[in-house]
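Observations on chain architecture
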Amino acid sequence: MQKTVVWKPWNNPGVENLRLTLDDMGVHATGQLMQSLEGQSIVASYGLNYDPRWRFRNLWLKADNQGQRSLQLQRDIRGTWFHNGEPRTDLNDCQTVMLSASPFTHTALLQRSALESGQSVEQQVAYVDLMTFQVQARVQRYRHLGRHEGGIRYNSEAEGTPSNALTVDEHALVRACNQYQRISARTLTPAFA
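Everything quoted here is computed from the prediction, not taken from an experiment.

1. Comments concerning the overall build of the chain
On a plain count of helices and strands, the chain comes out with one helix and 15 strands. Oriented by its inertia axes, the alpha-carbon framework of the chain measures out at about 45 × 45 × 35 Å. Evaluated residue by residue, the chain yields a buried proportion of 46% over its 193 residues. A separation threshold of at least 6 residues defines the contact pool for the chain, and within that pool the share at least 24 residues apart is 42%. As displayed, the chain offers around 10000 Å² of accessible surface, 45% of which is attributable to carbon and sulfur atoms. The averaged location of the 18 negative side-chain charges in the chain is 4 Å from the averaged location of its 20 positive side-chain charges.

2. Comments concerning the layout of surface pockets
Quantified by volume, the largest pocket comes out at close to 660 Å³. Elements represented by at least two residues in the lining of the largest pocket include exactly strand 3 (26-37), strand 9 (96-99), strand 11 (135-148) and strand 12 (151-158). Here the lining of the largest pocket is composed, by residue class, of eleven nonpolar, 13 polar and four charged. If you add up the space inside the second largest pocket, you get close to 220 Å³. In terms of lining, the second largest pocket is formed by 15 residues, of which the most central are Ala114, Leu115, Arg147, Ile152 and Tyr154. By residue number, the principal contributor to the lining of the second largest pocket is strand 11, which donates three residues.

3. Re the side chain of His144
By secondary structure assignment, the location of His144 is in strand 11. When its relative accessible area of 6% is taken as the criterion, His144 is described as buried. A polar contact of 3.5 Å, which involves the side chain of His144, links it to the backbone nitrogen of Ser117. Within the structure, the side chain of His144 is placed 3.0 Å from the backbone nitrogen of Gly146, a separation counted as a polar contact. In this structure His144 touches Leu115, Glu116, Ser117, Gly118, Gln119, Ile152, Arg153 and Tyr154, once residues within four positions along its chain are discounted.

4. Observations regarding the pattern of salt bridges
Applying the stated criterion across every chain yields a total of six salt bridges. With a shortest N-O distance of 2.8 Å, Arg88 and Asp90 are connected by a salt bridge. Look at Arg88 and you get buried, because its relative accessible area is 18%. The class of Asp90 is partly exposed, set by a relative accessible area of 45%. Here Arg182 and Asp169 are joined by a salt bridge, their closest N and O atoms 2.8 Å apart. Of the two residues, Arg182 is situated in strand 15 (residues 180-188) and Asp169 in the loop between strand 13 (164-168) and strand 14 (174-176); the sequence distance between them amounts to 13 residues. Beyond isolated ion pairs, a larger network of salt bridges with shared partners links Asp51, Arg55 and Arg57.

Conventions and cut-offs
Residues numbered from 1 in each chain as written. Predicted model: local features only at pLDDT ≥ 70, side-chain atom pairs only at ≥ 80, totals over all residues. Heavy atoms only, no water. Helix = DSSP H or I, 4+ residues; strand = E, 2+ residues; numbered from the N terminus. Buried < 20%, exposed > 50% of the residue type's maximum accessible area, 1.4 Å probe, protein only. Contact = heavy atoms within 4.5 Å. Areas by Shrake-Rupley, 256 points an atom, 1.4 Å probe, with all protein chains shown as cover. Lys, Arg positive; Asp, Glu negative; His and termini not counted. Charge placed at Lys NZ, Arg CZ, Asp CG, Glu CD. 1 Å grid on protein atoms, 1.4 Å probe; cavity = no way out; pocket = protein on both sides within 12 Å on 5 of 7 lines; lining within 4 Å. Points joined across faces, edges and corners; volume = space filled by probe spheres on them. Nonpolar A, V, L, I, M, F, W, Y, C, P; charged D, E, K, R; others polar. Polar contact = N/O pair within 3.5 Å; in protein donor to acceptor, adjacent residues only side chain to side chain. Salt bridge = Lys/Arg side-chain N within 4 Å of Asp/Glu carboxyl O.

Read these as geometric descriptors, not functional statements.
In structure tokens, the structure reads:
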């Protein structure tokens, strides 16, 4: 399956475009975003790879906000994390990565947890701040609030931030949350199929 999804922030200028591919080898996402954050403009490109069960494998990220920066995060099959090739033992309890300015990174945790109405999950994540490029371990919590006409609703809480209401589709891709709204989603089919 291949999908393209586009989100825009509710309260500031910007857009994020994502191309998502799911196949026998795993889940592959590439995205580009442009946003105005904290009074500064940022342009970023990223690639995320997961195994077929949505277990995080690697992230490459390039951004330009008053200078170009890049980083790579990798998690091997033993759960060891590497940041730009260097071991990061402080991240070893983390299950996945969260990008500060992207609604897509909620998807992997929601896919892996497969919560039913009323259930909740709490997991460590490697949080990447797109403005500072700092990477730190944080606790991320989700509570399944039930199905509604617009999709499945969750409450999301990250350490040190206010709670966030999420509405997602059947693939756990965010339709709307406190910061973003989805403006387009298409499933791509090859012309030769």
